[in-house]
Amino acid sequence: MSAKHVVLTVAYDGTAYCGFQRQRPGPKASIQEVLEGAIGRALGAPVRLVGAGRTDAGVHAEKQVVSFRAATTIPLPRLPYAVNRFLPPDIVVTGALEAGDRFHPRFSAASKVYRYTIWRAEFPSPFLRRYSWHRPEPLDVEAMRRAASFLVGRQDFAALGAAGRPVRDTVRTVFRCEVEERPPLLVVRVEADGFLYKMVRTIVGTLVEVGRGKLAPEGVREILASRDRRRAGPAAPALGLCLEDVRYHSVDTPAGLL
């Protein structure tokens, strides 16, 4: 029986995990190792996953895309059910497809969409406490939107990254950076062809500084030009961040992901 190139879509609450990527043994497991264990149990053989992105500790995902190669007789429409039997309730496989050899969850992706949720009511929400950042003070949303508009385009985002994962190239293309007001929620949505370490969280932290009047909207352009992380705002907490979508336009992509 020949091996299949299987692609899974996965949703998870990242609160209890050290991030998506497998790491050195520690007090918290990674999403990757828990998924690999569950898939291995369902198939009766070990697998190694490749993911579309490496969400950090405490970050959530509505649509993470992973793939692996394995020989299996389980029909793909039934595979999510088989794997979910062995997963904790905070990780769920939501779909399974077969891909060609040239498809890669990360390198075939055209863009990723992250959503950050801010809870603006006076008191914290016990229901959204693990999925939003509580900021009850007044925020100038229009100023935040103007600042966000300066982030769109192909630019050097070194000032909005963070130390910890050195990269040669800090230039990325941001296709959209939107601030949506849905009282008492404020949602920041960023779509780009790639992200630096903590880039979205630093964008949100910087936009909040603009909303508080601590930074002029036009100051975002100066921060980008400086390439100096110290001039940007603090990174927002991980709990409000969610990988919302991974988008593909490649001819090698399974039709169900397009």
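Everything numeric in this text was worked out from a predicted model, so none of it was measured. (Residues numbered from 1 in each chain as written. Predicted model: local features only at pLDDT ≥ 70, side-chain atom pairs only at ≥ 80, totals over all residues. Heavy atoms only, no water.)

Colleague: Help me understand the pattern of salt bridges in this model?
Modeller: Where charged atoms from two side chains of opposite charge approach closely, those side chains can pair. The final tally for this structure, using the stated rule, is 24 salt bridges. We note a salt bridge from Arg212 to Glu137, for which the minimum N-O separation is 3.7 Å. With Arg212 in the loop between helix H4 (199-211) and helix H5 (219-226) and Glu137 in the loop between strand S6 (133-134) and helix H3 (141-149), this pair connects stretches of sequence that are 75 residues apart. Since its relative accessible area comes to 22%, Glu137 is described here as partly exposed. Put simply, Glu62, Arg115, Glu180, Arg182, Arg189 and Glu244 are held in one network by salt bridges that share partners. (Salt bridge = Lys/Arg side-chain N within 4 Å of Asp/Glu carboxyl O. Helix = DSSP H or I, 4+ residues; strand = E, 2+ residues; numbered from the N terminus. Buried < 20%, exposed > 50% of the residue type's maximum accessible area, 1.4 Å probe, protein only.)

Colleague: Where do I start with the environment of Gln155 in this structure?
Modeller: Position of Gln155 relative to the elements: it lies in strand S7 (residues 153-156). Residues Gln155 and Pro88, 67 residues apart in the sequence, show an inter-C-alpha distance of 40 Å. Once you skip the residues sitting within four places of it in the chain, Gln155 turns out to touch Phe150, Thr170, Val171, Arg172 and Leu224. Within polar-contact distance, the side chain of Gln155 engages the backbone oxygen of Phe150 at 3.0 Å. (Contact = heavy atoms within 4.5 Å. Polar contact = N/O pair within 3.5 Å; in protein donor to acceptor, adjacent residues only side chain to side chain.)

Colleague: Please explain the nonpolar core as it appears in this structure.
Modeller: Soluble globular proteins: nonpolar side chains tend toward being buried together. If you look at the biggest cluster of nonpolar residues, it comprises 75 residues, and the most contacted ones within it are Leu8, Leu35, Phe68, Leu79, Val204 and Leu207. When residues of this core are assigned to their parent elements, the largest contribution, seven residues, is made by H4. (Core = buried A, V, L, I, M, F, W, Y, C linked by side-chain atoms within 4.5 Å.)

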